[in-house]
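# Observations on the model geometry
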Amino acid sequence: MKNETGSLVRPDALPDSASRPVVTPLSPSVVYASDTPDMLDRQYEGDLKGYTYAREGHPNADVVAKRLDRMEQAPHSGVVTSSGMAAVSAVLLGLTKAGDHVIGGNQLYGRSLRMMTEDLPRLGISTTLVDPGNVEAMRAALRPETRMILIEVVSNPTLQVADVAGLEVLARENNVLLVVDNTFTTPRAFQPFAHGADIVIHSITKLLAGHSDVMLGYVAARDQRLNDLLRVFTVTAGMNPSPFDCWLAERGMLSFDLRFERAQATAAILADHLATLKGVRRVLYPGRCDHPDHARAGTLLKGQFCNMVSFELEGDRSAANAFARAAEGLNFAPTLGDVGTTLSHPASSSHRALTPDQRKALGMSEGFFRISVGLEDPDTLCAVIARAVAAAMDV
Ligand code: PLP
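Quantities reported herein were computed from a predicted structural model and do not represent experimental measurements.

## Digging into the domain arrangement of the protein
The domain boundaries assigned to the protein delineate domain 1 (57-253) and domain 2 (256-393). When each unit is reduced to the centre of its C-alpha atoms, the spacing between domain 1 and domain 2 is 25 Å. At the interface, 32 residues of domain 1 touch 32 residues of domain 2. Of the roughly 2,800 Å² buried between domain 1 and domain 2, counting both surfaces, carbon and sulfur atoms make up 62%. Three residues, Leu-159, Arg-188 and Leu-207, lead the burial of domain 1 against domain 2; their summed loss comes to 26% of the area buried on that side. Across the contact surface, domain 1 and domain 2 share three salt bridges. Arg-188 is the salt-bridge partner of Asp-257, the closest N and O atoms lying 3.3 Å from each other. When residues of the side of domain 1 that touches domain 2 are traced back to their parent elements, those giving at least two are helix 7 (186-189) and helix 9 (243-253). Here the element with the most residues in the side of domain 1 that touches domain 2 is helix 7; it accounts for four residues. Grouping the amino acids of the side of domain 1 that touches domain 2 by side-chain chemistry returns 16 nonpolar, 13 polar and three charged.

So this is what it looks like as structure tokens:
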């Protein structure tokens, strides 16, 4: 059967145009055609830049990678992955072997913790979790077979600040890789490569993309060989990102600087306001003088203390329920970095697997909330939160 025009199925080319689009074109193509086998050879050998199969790379992923490379001052172009956890997995699974030992910060993101405690040991890789603010404890955990130390600079949800300067020296002296998940801090507040990190990880899903409509990650290594290994592993393991997600992420990242500035300025105002409210037992914000790691945060974070504020309400679960119910217009949702402010309650979400005593030891009671501050007007946001705190005190 002939088709309508009698032509071949795929059109020859895009229409001619002397002008070009200002928006990056979306390239959903899974495969890319080359002119000849010789040309394909040259592409694979790196003499010619060209795409072949989208799992191995595509233009929309490269656009996002280049933008993050610039923001992170990455020595080599990093890899964009299908999620932040894919980037974490690429490092933990792609650069280790059975018999290795990995040290992780004891307040890593929940799924990273799970990979450390469940998956790596299953594969014969032993792990130890240590407070990243305590370099001596990290030193004590080192073994001859320790391969890497994985940390987050500002921990979730208690917002403790890692002793990155001390860990950099420790890692270098002991020939261990220092891996930094920079999701919370973002390159706007902290650039891990400038502080001696060997590998940088991001969940682009969060502040970088910023609109809760994309899941993506990024990983880049200082050493060319490790960077190449990570790229090959992500291709083999199928951690490739969708072109549409990359396209959306690029659009979100165009306004990242402005969003971050605004959100962290509002977070500082909100933290101070929360501290004045009756019914609030304590406020955790690294920009406040009463934060235990304020001095370290001041040195490391270039005066950008991030958009996350945690606080503890007086009262139990019923007070927490009343607070969430009364915080009208703010989503109670387990994420961070959205344009809108979101509330999270570790006892019922990220830390629900812990016993009440374990949560207590980490300072997370039933009244503990983490706020990811968005782009609302600061006065409006403070008023909504104040009303919600008052409602929680009425129960
Ligand atoms: N790292 C941190 C610090 C995170 O907070 C998260 C998610 O919340 C991740 C990694 C995982 O990212 P994703 O949800 O994109 O897989």
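## Comments concerning the packing of helix 12 (residues 317-326) against helix 14 (residues 378-393)
Taken N-terminus to C-terminus, the directions of helix 12 and helix 14 make an angle of 145°; their axes are 8 Å apart at the nearest point. Handedness of the helix 12/helix 14 crossing: right-handed. Note on element contacts: helix 14 touches helix 12 through Ile-385, Ala-388, Val-389, Ala-391 and Ala-392, opposite Ala-319, Ala-322, Phe-323 and Ala-326. Here the contact of helix 12 with helix 14 is built from residues that sort into nine nonpolar, no polar and no charged.

## A few points about the packing of aromatic side chains
Two aromatic rings are characterised by how far apart their centres lie and by the angle between their planes. Under the criterion given, the structure shown has six aromatic pairs. Where Tyr-32 meets Tyr-51, the ring centres are 5.4 Å apart and the plane angle is 45°; that geometry is what we call tilted. Here the residue Tyr-32 occupies a position in the segment before helix 1 (37-45), and Tyr-51 occupies one in the loop between helix 1 and helix 2 (59-72), the gap between them amounting to 19 residues. By relative accessible area, Tyr-32 is classed as partly exposed at 22%. Between the aromatic rings of Phe-323 and Phe-369, the centroid separation amounts to 4.7 Å while the plane-to-plane angle is 55°, which identifies the pairing as tilted. With Phe-323 in helix 12 and Phe-369 in strand 12 (residues 368-372), the pair connects residues that are 46 residues apart, well separated along the chain. Overall, the relative accessible area of 0% leaves Phe-323 in the buried class. Relative accessible area serves as the criterion here: at 1%, Phe-369 is assigned to the buried category. One aromatic cluster is present, formed by Phe-311, Phe-323 and Phe-369 through successive ring pairs.

## So, the packing of helix 2 against helix 9
Helix packing geometry: the angle between the two helix axes and the distance between the axes. Contact geometry for helix 2 and helix 9: axes closest at 8 Å, N-to-C directions at 35°. Here helix 2 runs over helix 9; the crossing is left-handed. Contacts between helix 2 and helix 9 involve Asn-60, Ala-61, Val-63, Val-64, Arg-67, Leu-68 and Met-71 from the first element and Pro-243, Cys-246, Trp-247, Ala-249, Glu-250 and Met-253 from the second.

## Topic: the sheet that holds strand 11 (residues 342-344)
Sheet strands pair by backbone hydrogen bonding; their relative direction is either parallel or antiparallel. With mixed pairing, the five strands of this open sheet are ordered in space as 8-9-12-11-10. Two strands lie at the open edges of the sheet, namely strand 8 (280-284) and strand 10 (331-332), each paired on one side alone. Sheet topology places strand 9 (residues 308-313) next to strand 12; five bridges connect them, and they run antiparallel. Directly across from Ser-310, in strand 12, lies its bridge partner Arg-370. Along the sheet face, helix 12 touches strand 9, strand 10, strand 11 and strand 12 and points at about 135° away from the line of strand 9. The strands touched by helix 14 within the sheet are strand 8, strand 9, strand 11 and strand 12, with strand 9 carrying the most contacts at an inclination of about 20°.

Reading the values: rules and limits
- Residues numbered from 1 in each chain as written.
- Predicted model: local features only at pLDDT ≥ 70, side-chain atom pairs only at ≥ 80, totals over all residues.
- Heavy atoms only, no water.
- Domains from an automatic or database assignment.
- Contact = heavy atoms within 4.5 Å.
- Buried area = accessible area lost by both parts, 1.4 Å probe.
- Salt bridge = Lys/Arg side-chain N within 4 Å of Asp/Glu carboxyl O.
- Helix = DSSP H or I, 4+ residues; strand = E, 2+ residues; numbered from the N terminus.
- Nonpolar A, V, L, I, M, F, W, Y, C, P; charged D, E, K, R; others polar.
- Axes fitted to C-alpha atoms, helices over the stretch in contact; angles between N-to-C directions.
- Left-handed = near helix turned anticlockwise from the far one by under 90°.
- Phe/Tyr/Trp six-rings, centres within 6.5 Å; stacked < 30°, edge-to-face > 60°.
- Buried < 20%, exposed > 50% of the residue type's maximum accessible area, 1.4 Å probe, protein only.
- Pairing = 2+ DSSP bridges.

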